[in-house]
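Descriptive structure summary
So you can see what is in the structure, the chains are spelled out below.
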Amino acid sequence: MKRWIICMAVLALFANGAGAQGFNGERMTAAQERIEAQRVAFITQKMELTAAESAAFWPVYNEFRQKQKALRDGARPGKGLRMLNDAEAQEVIDAQLQAEAQLVQLKREYFAKLSEIVPPRKLVRLTMLEQQFSREVLNTLRQRKAGNRN
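From a predicted model like this one, the values you see are computed outputs, not experimental measurements. (Residues numbered from 1 in each chain as written. Predicted model: local features only at pLDDT ≥ 70, side-chain atom pairs only at ≥ 80, totals over all residues. Heavy atoms only, no water.)

Structural notes on the packing of helix 2 (residues 30-47) against helix 3 (residues 51-74)
As a reminder, the rule being used: Here, axes are lines fitted to C-alpha atoms. For helices the fit covers the stretch in contact, and angles between N-to-C directions go from 0 to 180 degrees. Here a helix means four or more residues in a row that DSSP labels H or I, a strand means two or more in a row labelled E, and each is numbered from the N terminus. For classification purposes, an angle smaller than 35 degrees is called roughly parallel, one larger than 145 roughly antiparallel, one from 65 to 115 roughly perpendicular, and anything else oblique. The hand of a helix crossing depends on one turn: near helix anticlockwise from the far one by less than a right angle means left-handed, and clockwise means right-handed. In what follows, residue pairs with any heavy atoms lying within 4.5 Å of each other are defined as contacts. Any residue that is not Ala, Val, Leu, Ile, Met, Phe, Trp, Tyr, Cys, Pro, Asp, Glu, Lys or Arg is counted as polar, Gly included; the first ten are nonpolar and the last four charged.
For the pair helix 2 and helix 3, the least separation of the axes is 12 Å and the interaxial angle reads 125°. One way to sum up the angle between helix 2 and helix 3 is to call them oblique. With respect to the hand of their crossing, helix 2 and helix 3 are arranged in right-handed fashion. Packed against helix 2, whose contacting residues are Glu36, Arg39, Val40, Ile43, Thr44 and Met47, the element helix 3 presents Ser54, Phe57, Trp58, Tyr61, Asn62 and Arg65 at the interface. Its residues placed into classes, the contact of helix 2 with helix 3 shows six nonpolar, three polar and three charged.

Structure below.
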């Protein structure tokens, strides 16, 4: 049953990603696609999403992540941090604070949508699981890098 759920989650992710790729013309690298598929499987399994929950959850959550990324990207300085004068640095700080406020509002909006799909007791683990998965990916990359040095 868990394999079926994971397969459905991966298929939902790729179906959503395929439409986005056609729209913006960009393609993710094979490594990014593998990591994304592993992230979906990891979160689906750890949150114990049912097939129905998974099918409804991933499109909404992927939309949230895209909007979240756009907010963060929009708050980044256009040039290197060392090249900024004080006025430009203050503008970057203000933009970052504004983006954080918008991010909190975005989280409220999407977590309300997601709590209609999955019970809050499952949803509460989501942020922790995202961080846990990121740590595992970083640890794997560090281990591979250390292995390549030998």
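Structural notes on the environment of Gln102
Mapped onto the fold, Gln102 is located in helix 4 (residues 86-115). Spatially, the C-alpha atom of Gln102 lies 7.7 Å from that of Leu71, the residues being 31 residues apart in sequence.

Some thoughts on helix 2
Think of an α-helix as 3.6 residues a turn; residues three or four steps apart then line up on the same face. The condition is simple: An expected span of 1.5 Å times one less than the residue number is assigned to each helix. To sort residues, take the accessible area from a 1.4 Å probe on protein chains only and compare it with the maximum for the residue type: under 20% means buried, over 50% means exposed, and anything in between is partly exposed.
Between the first and last C-alpha of helix 2 there are 26 Å, a value that for 18 residues agrees with the 26 Å anticipated at 1.5 Å per step. Buried within helix 2 are the following residues: Glu36, Ala37, Arg39, Val40, Ala41, Phe42, Ile43, Thr44 and Met47. Downstream of helix 2 by one or two residues, Glu48 has phi in the positive range, about 55°.

Focus: the packing of aromatic side chains
Operational definition: Pairing of aromatic side chains here covers Phe, Tyr and the six-membered ring of Trp, requires ring centres within 6.5 Å, and sorts the geometry by plane angle: under 30 degrees stacked, over 60 edge-to-face, intermediate tilted. The rule is short: NZ of Lys or CZ of Arg within 6 Å of the ring centre and within 35 degrees of the ring normal puts a charge over the ring.
Under the criterion given, the structure shown has seven aromatic pairs. Seen in terms of ring centroids, Tyr61 and Phe64 are 5.7 Å apart; in terms of plane orientation they differ by 35°. Their pairing is tilted. Highlighted residues: Tyr61 and Phe64, both in helix 3, separated by three residues, approximately one helical turn. Neither Tyr61 nor Phe64 differs from the other in exposure class; each is buried. Ring pairing ties together the aromatic residues Phe57, Trp58, Tyr61, Phe64, Tyr110 and Phe111, which thus form one cluster. When the ring centre of Tyr110 is taken as reference, the NZ or CZ atom of Lys113 above it lies at 4.4 Å.

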